[in-house]
Amino acid sequence: MFLPFFQSLRAAGIPVSLREYLGFLEGVKAGLVTYDVEGFYYLARTVMVKDERLLDRFDRAFAESFAGLEEIGPDDVLEALDLPEDWLRKLAERHLSEEERAEIEALGGFDKLMEALKERLKEQQGRHQGGNKWIGTAGTSPFGAWGYNPEGVRIGQDVSRHRRAVKVWDRREFRNLDDSVELGTRNIKVALKRLRRWARAGAHHELDLDETIRATADHGYLDVRTRPERHNAVKVILFLDVGGSMDDHVGVVAELFSAARSEFKHLEHYYFHNCLYEGVWRDNRRRWSEVIPTAELLRTYGPDYKCIFVGDASMSPYEIAFAGGANEHWNAEPGRVWLERARAQWPGNLWINPVPERHWPYTQSIEMIRGIFEGAMVPMTLDGIERGMKALGR
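Residues numbered from 1 in each chain as written. Predicted model: local features only at pLDDT ≥ 70, side-chain atom pairs only at ≥ 80, totals over all residues. Heavy atoms only, no water.

Participant: Pulling in residues and values, what's your account of the pattern of salt bridges?
Facilitator: Per the stated rule, a full pass over the model turns up 16 salt bridges. Between R286 and D283 there is a salt bridge, and its shortest N-O distance comes to 2.7 Å. Classification of D283 as buried rests on a relative accessible area of 15%. Notably, a salt bridge pairs E357 with R387, separated by 3.7 Å at the nearest N-O pair. Here E357 is found in the loop between β12 (349-353) and α15 (364-372), whereas its partner R387 is found in helix α16 (residues 382-392), with 30 residues between them in sequence. (Salt bridge = Lys/Arg side-chain N within 4 Å of Asp/Glu carboxyl O. Buried < 20%, exposed > 50% of the residue type's maximum accessible area, 1.4 Å probe, protein only. Helix = DSSP H or I, 4+ residues; strand = E, 2+ residues; numbered from the N terminus.)

Right, dumping it as structure tokens:
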């Protein structure tokens with residue numbers, strides 16, 4: 001039954017041994033996971049992946065092998081004796097029509113929304129499901145999970161569905177981008193080559209044919225001359241948006257990241273979520289425990305670095321314009337302030353957006369970011385990247 005999964009892992013370049021595969025089968029047979037898709041995933045990953053750099057490949061192979069695993073038919077529900085509580089809660093989710101959604105009114109701004117949340121926390125005494133006021137599930141209240149509201153605070157829901165929340169009161173986990181992805185990176189490398197300044201540095205290990213010919217002619221014997229290899233001397237600091245709506249663009253961003261790693265010898269990369277704030281991180285698995293102050297980056301990397309942001313710029317406008325508007329934490333200063341500081345420190349800057357350019361005018365936050373960057377935003381297409389690299393190289 002699980003042999004195609006084993007073959008998919010091997011095809012994805014994950015060195016799974018037969019002993020590890022048999023250990024996985026023993027765990028399944030022993031009943032370590034029952035009616036638990038997430039538990040099944042972690043069991044397989046724990047047993048068969050021994051290198052953190054392969055986690056992204058494992059996720060892709062798992063998704064390919066078990067597509068539709070979470071789809072449960074009526075017969076399955078009737079036969080199940082021990083349904084997880086989370087499944088039952090999601091069954092109660094309300095499916096609203098477009099007309100019903102239009103009737104639900106937002107509270108009228110970020111400040112009023114946060115004030116209302118404080119009042120609900122003081123008044124509410126227990127769990128609530130359905131309804132339009134309390135913090136709960138499957139309702140139209142601005143606070144809670146698995147419901148709908150055009151402008152609310154998401155609490156206790158692991159994924160985004162409508163992308164209408166102005167704040168998420170949960171700690172979410174993101175994956176690092178795979179810097180070894182090669183699908184389509186060749187063309188991206190060609191586009192990135194527009195941003196280059198060649199210099200010779202390092203040990204002498206490249207044959208200098210012209211100097212070898214001249215020295216041989218002068219001395220009357222073969223006199224081999226070498227020189228340092230040429231490298232792209234441009235310095236780049238790359239800020240990558242991860243999680244949320246960026247999940248739709250993981251593949252193309254991974255290709256860009258992989259191409260940049262191979263093209264630029266001097267490349268520093270950091271992750272952020274939605275907008276730049278007071279802290280960034282290098283490893284998504286440690287995004288809460290190993291936060292790097294953005295002010296430290298501004299002091300560390302000089303203005304000779306080219307600064308490139310990669311993100312869809314799609315977020316609540318509050319995240320850019322207001323203190324406290326950040327999606328997952330309380331920010332003391334608006335995102336706009338930190339973006340302006342970054343542009344002042346690194347005059348050569350650019351924002352690459354994976355959202356098709358024709359859709360930009362319909363998203364308020366994209367237009368706000370474009371304004372902050374004074375138009376220095378390009379789409380994540382080959383033509384867009386070429387235009388951006390050409391502008392940065394001036």
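Resuming the write-up.
Participant: Please set out a nonpolar patch on the surface residue by residue, giving values where relevant.
Facilitator: Where nonpolar side chains cluster on the molecular surface, the patch consists of L207, L209, I213, L222 and V224 and spans about 520 Å² of accessible area. Here L222 is to be found in the loop between α10 (209-219) and β6 (226-232). (Patch = residues over 30% accessible without salt bridge, like charges linked within 9 Å, V, L, I, M, F, W, Y side chains within 5 Å. Areas by Shrake-Rupley, 256 points an atom, 1.4 Å probe, with all protein chains shown as cover.)

Participant: Break down helix α14 (residues 335-345) for me, with residues and values.
Facilitator: When α14 is considered as a whole, its buried residues turn out to be G335, W338, L339, A342 and R343. Taken around the axis of α14, the buried residues stretch over an arc of 140°, which confines them to a single face. Elements that come into contact with the buried residues of α14 comprise α12 (294-300), β11 (306-310), α13 (317-321), β12 and α15. (Arc of directions from axis to C-beta. Contact = heavy atoms within 4.5 Å.)

Participant: Mind laying out unusual backbone geometry, listing which residues take part and the relevant values?
Facilitator: Residues other than glycine seldom take positive phi values, yet A313 does so here, at roughly 55°. Its location among the elements puts A313 in the loop between β11 and α13. Phi at E374 takes a positive value of approximately 50°, unusual for a residue other than glycine. With respect to the helices, strands and loops of the structure, E374 is situated in the loop between α15 and β13 (377-379).

Participant: Please give an account of the nonpolar core that cites residues and values.
Facilitator: Residues F239, F309, L339, W346 and W351 are the most contacted members of the largest nonpolar core, which totals 32 residues. In terms of residue count, α15 provides more of this core than any other element does, four residues in total. Excluding residues that lie within four positions of it along the chain, W351 makes contacts with F272, N274, F309, G311, A313, L339, I369, F373, A376, M377 and V378. Counting 26 residues, the second largest nonpolar core, distinct from the first, contains I188, A260, V310 and I385. (Core = buried A, V, L, I, M, F, W, Y, C linked by side-chain atoms within 4.5 Å.)

Participant: A description of helix α1 (residues 3-11) should follow, citing residues and the corresponding values.
Facilitator: Where α1 is concerned, the buried positions are F5, F6, S8 and L9. Taken end-on, α1 shows its buried residues confined to a sector of 160°, consistent with a single buried face. Looking at the buried positions of α1, the neighbouring elements they touch are α2 (18-29), α3 (37-48) and α4 (55-65). Immediately beyond the C-terminal end of α1, within one or two residues, lies G13, with a positive phi of roughly 90°.

Participant: Kindly report on the sheet that holds strand β8 (residues 266-272), identifying the contributing residues and their values.
Facilitator: On the basis of which strands lie adjacent, the open sheet formed by five strands has the order β8-β7-β11-β12-β13 and parallel pairing. Looking at which strands have only one partner, the edges of the open sheet turn out to be β8 and β13. On average, each strand axis in the sheet is tilted by 20° relative to the strand beside it, whichever way the strands run. Relative to β13, β12 is paired through three bridges, and the arrangement is parallel. Bridge assignment links I352 to a residue of β13, and that residue is V378. On top of the sheet, helix α11 (residues 250-263) reaches β7 (235-241), β8, β11 and β12; it is set at about 155° to β8, its chief contact. (Pairing = 2+ DSSP bridges. Axes fitted to C-alpha atoms, helices over the stretch in contact; angles between N-to-C directions.)

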